[in-house]
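Single-letter residue listing:
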Amino acid sequence: MGATENIQSASAGLPSSAKENLEVLSQFTDREESQISGFQLAIERVSRFFGSPAYFAFAVAFIAMWIAVNMWGKTHGWRHVDNPPFFWLQGLVSCNALLLTVAVLIRQSRMAQVAEHRAHLDLQINLLTEQKVTRLLQIMDEPRRDLAVQHGGPDEGASDMTKPADTHALMHAIKEKQSDR
């Protein structure tokens, strides 16, 4: 069974709105991945491999074998041996560490960009949702306000909920709160 079939079978019991949301998320991911250059994709694959348990096991086995073979060779008179403290091994490990660090930083940079795009999208959706909810509350509050006028006054708590949030004031208050820390 392919990945698409697994996704389709897993989402079979979901409501249509959830399926539409999954499709939008899938398209978003596909769009983000289509913008990755071939070089970037190669770096990410290498980075993913080097972060795997298989590579860790390989690295430990390679280092142990290097030390064992060189110690055995030293006792048997080999001329070209990497003597302790194994300078050639240190050079290989250092080069590997440098390349891995650069690959991980490149991958993290792209992942940070994707996270920033998603956070911006989340903010837009949250603001739109807040606007819609406020409008719904205003529509639902109209009959209550008419009754309140006839029966003794407005409900201040309910009327506060029908006012749209001032996002600029809210962001300013958050920044002030964070700077107070």
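Because the structure is a prediction, the values reported are computed rather than measured.

(A) Spatial organisation of the overall build of the chain. Helices and strands together make up the secondary structure of the chain, namely seven helices and zero strands. Element order for the chain, N to C, with α for helix and β for strand: α-α-α-α-α-α-α. Looking at the chain as a whole, 14% of its 181 residues qualify as buried. Of the contacts made within the chain by residues no fewer than 6 positions apart, 52% connect residues no fewer than 24 positions apart. For the chain, the computed accessible surface area is about 14500 Å², with 64% contributed by carbon and sulfur atoms.

(B) Molecular detail of the pattern of salt bridges. A full pass over the atoms with the stated rule returns one salt bridge. Glu44 is paired through a salt bridge with Arg110; the nearest N and O atoms lie 2.3 Å apart. Here Glu44, found in helix α3 (residues 38-50), pairs with Arg110, found in helix α5 (residues 87-150); they are 66 residues apart in sequence, far enough to count as distant. Note on Glu44: relative accessible area 3%, which makes it buried.

(C) Up close: the environment of Arg48. Within the fold, Arg48 resides in helix α3. Judged by its relative accessible area of 43%, Arg48 falls in the partly exposed class. Considering only alpha carbons, one finds Arg48 and Ala103, 55 residues apart in sequence, at a separation of 9.4 Å.

(D) Region of the structure containing the packing of aromatic side chains. All chains considered together, the criterion is met by seven aromatic pairs. Consider the rings of Tyr55 and Phe58, whose centres lie 6.1 Å apart with planes at 40°: the pair is tilted. Note that Tyr55 and Phe58 are positioned in helix α4 (residues 53-75) at a spacing of three residues, about one turn of the helix. A residue is classified by how much of its surface remains accessible, and Tyr55, at 10% relative accessible area, is buried. Residue classification places Phe58 among the partly exposed positions, given a relative accessible area of 49%.

(E) Representation of a nonpolar patch on the surface within the structure. Where nonpolar side chains cluster on the molecular surface, the patch consists of Phe58, Phe62, Ile63, Ile67, Met71, Leu92 and Val93 and spans about 550 Å² of accessible area. Every element with two or more residues in the nonpolar patch is listed here: α4 and α5. Counting residues per element, the nonpolar patch draws most heavily on α4, at five residues. Position of Leu92 among the secondary structure elements: in helix α5.

(F) Molecular detail of the side chain of Asn70. Here Asn70 lies in helix α4. Of the residues examined, Asn70 reaches a relative accessible area of 8% and is grouped as buried. Filtering out sequence-adjacent residues up to four positions away, Asn70 remains in contact with Val81, Asp82 and Phe86.

(G) Structural context of unusual backbone geometry. Residues Pro84 and Pro85 are joined by a peptide bond in cis, for which omega reads 10°. At Phe86, a residue that is not glycine, the phi angle is positive and equals roughly 60°. Considering the arrangement of structural elements, one finds Phe86 in the loop between α4 and α5. What makes Phe86 buried here is its relative accessible area of 11%.

(H) Highlighting α4. The first and last C-alpha atoms of α4 sit 33 Å apart over 23 residues, in line with the 33 Å expected at 1.5 Å per residue. Listing the buried residues of α4 in full gives Tyr55, Asn70 and Gly73. Phi turns positive, to about 80°, at Gly77, one or two residues after α4.

Rules of the game
Residues numbered from 1 in each chain as written. Predicted model: local features only at pLDDT ≥ 70, side-chain atom pairs only at ≥ 80, totals over all residues. Heavy atoms only, no water. Helix = DSSP H or I, 4+ residues; strand = E, 2+ residues; numbered from the N terminus. Buried < 20%, exposed > 50% of the residue type's maximum accessible area, 1.4 Å probe, protein only. Contact = heavy atoms within 4.5 Å. Areas by Shrake-Rupley, 256 points an atom, 1.4 Å probe, with all protein chains shown as cover. Salt bridge = Lys/Arg side-chain N within 4 Å of Asp/Glu carboxyl O. Phe/Tyr/Trp six-rings, centres within 6.5 Å; stacked < 30°, edge-to-face > 60°. Patch = residues over 30% accessible without salt bridge, like charges linked within 9 Å, V, L, I, M, F, W, Y side chains within 5 Å. Expected span 1.5 Å × (residues − 1).

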